[in-house]
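Commentary on secondary and tertiary structure
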Amino acid sequence: VSPGNCRPLQGHQGQVVIRLPARVHLTGVTVQHISKEVSPSGTVISAPRDVAVFVSVCWALLGVDADGEEETLLGTFMYNVAKEAIQTFPLKNAPLPRAFSYIKLLVKSNAYACIYRVQVHRKMASKKASSETRG
C-alpha cells in the first residue's frame, strides 16, 4: 500500500460499492489505511472513521435491489487510527440466511477520506441456495 494510491471519498459522507465475484454470506470486513510511518505528512487524517456496511443482491438507484428489496445494514464500526493500519471488523448482523453480490461501505464523519484496501470475509453460498434465492 503506497501513500496516495487509494479510493478518495470527498465530502462529509462517501461510499464505495464493490461487486463480489459470487453471492456470499458476509461475516466480516477488513479495512486498510496507510500508517503514520509511511504517510508523507506523518498523519493519517484521511483514514475513514465511522463506517457502515450494507449489502444487496443487485444495486440499483435509491438503495433498492433488483428484487425490489432495500439494501441491508450488516453493521457499523469505527476505524481507530491509534491501532494497526489493517483492522478487521466482524459483522454483528451476519451471516444472513440470504447471500449477497454487492457490498457498500458508507464512510461518515470525514471531510475527506481515503480507502486503501477492503477485504471481505465470507462463507460461500451453495449453488442450490443461490438458485433458490433467484427464484
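Cut-offs applied
Residues numbered from 1 in each chain as written. Predicted model: local features only at pLDDT ≥ 70, side-chain atom pairs only at ≥ 80, totals over all residues. Heavy atoms only, no water. Helix = DSSP H or I, 4+ residues; strand = E, 2+ residues; numbered from the N terminus. Buried < 20%, exposed > 50% of the residue type's maximum accessible area, 1.4 Å probe, protein only. Contact = heavy atoms within 4.5 Å. Areas by Shrake-Rupley, 256 points an atom, 1.4 Å probe, with all protein chains shown as cover. Polar contact = N/O pair within 3.5 Å; in protein donor to acceptor, adjacent residues only side chain to side chain. Salt bridge = Lys/Arg side-chain N within 4 Å of Asp/Glu carboxyl O. Core = buried A, V, L, I, M, F, W, Y, C linked by side-chain atoms within 4.5 Å.

This next bit is on the overall build of the chain. Check the secondary structure of the chain and you find one helix and eight strands. Counting only residues that meet the buried cut, the chain has 42% of its 135 residues in that class. Looking at the chain alone, contacts between residues at least 24 apart form 80% of all its contacts between residues at least 6 apart. When the accessible surface of the chain is totalled, it reaches about 7,900 Å², and 52% of it is carbon and sulfur.

Let us look at the side chain of Q87. Here Q87 lies in strand 5 (residues 86-90). Engagement of the side chain of Q87 in a polar contact is seen with the backbone oxygen of N80, the distance being 2.6 Å. Excluding its chain neighbours within four sequence positions, the residues that come into contact with Q87 are V29, T30, V31, M78, Y79 and N80.

Next up on the list: the environment of A52. With respect to the secondary-structure elements, A52 resides in strand 3 (residues 50-56). Classification of A52 by relative accessible area gives buried; the value is 2%. Remark: the alpha-carbon pair of A52 and K104, spanning 52 residues in sequence, is separated by 8.0 Å. If near-sequence neighbours (up to four positions away) are discounted, A52 is found in contact with L73, G75, T76, K104, L105, L106 and K108.

Below, the discussion takes up the side chain of S101. For S101, the position within the fold is in strand 6 (residues 100-108). What makes S101 buried here is its relative accessible area of 12%. Beyond its immediate sequence surroundings of up to four residues, S101 is in contact with I18, R19, L20, A22, R23, S56 and V57.

Moving on to the environment of P40. Take P40: it is sitting in the loop between strand 2 (13-32) and strand 3. For the pair P40 and G4, spaced 36 residues apart in sequence, the C-alpha to C-alpha distance is 9.5 Å.

Attention now moves to the pattern of salt bridges. Counted according to the given criterion, the structure contains one salt bridge. Between E71 and K104 there is a salt bridge; the shortest N-O distance is 3.2 Å. In this pair, E71 sits in the loop between strand 3 and strand 4 (72-78) while K104 sits in strand 6, placing the two residues 33 residues apart along the sequence.

A few words on the nonpolar core. If you look at the biggest cluster of nonpolar residues, it comprises 24 residues, and the most contacted ones within it are L26, V53 and I103. The dominant element in this core, judged by the number of residues it contributes, is strand 2, at six residues. Ranked by size, the runner-up nonpolar core spans five residues in total, among them C6, V44, C114 and Y116.

Here T72 is to be found in strand 4. Residues T72 and F54, 18 residues apart in the sequence, show an inter-C-alpha distance of 5.3 Å. Beyond its immediate chain neighbours, meaning those up to four positions away, T72 contacts V53, F54, V55, L96 and F100.

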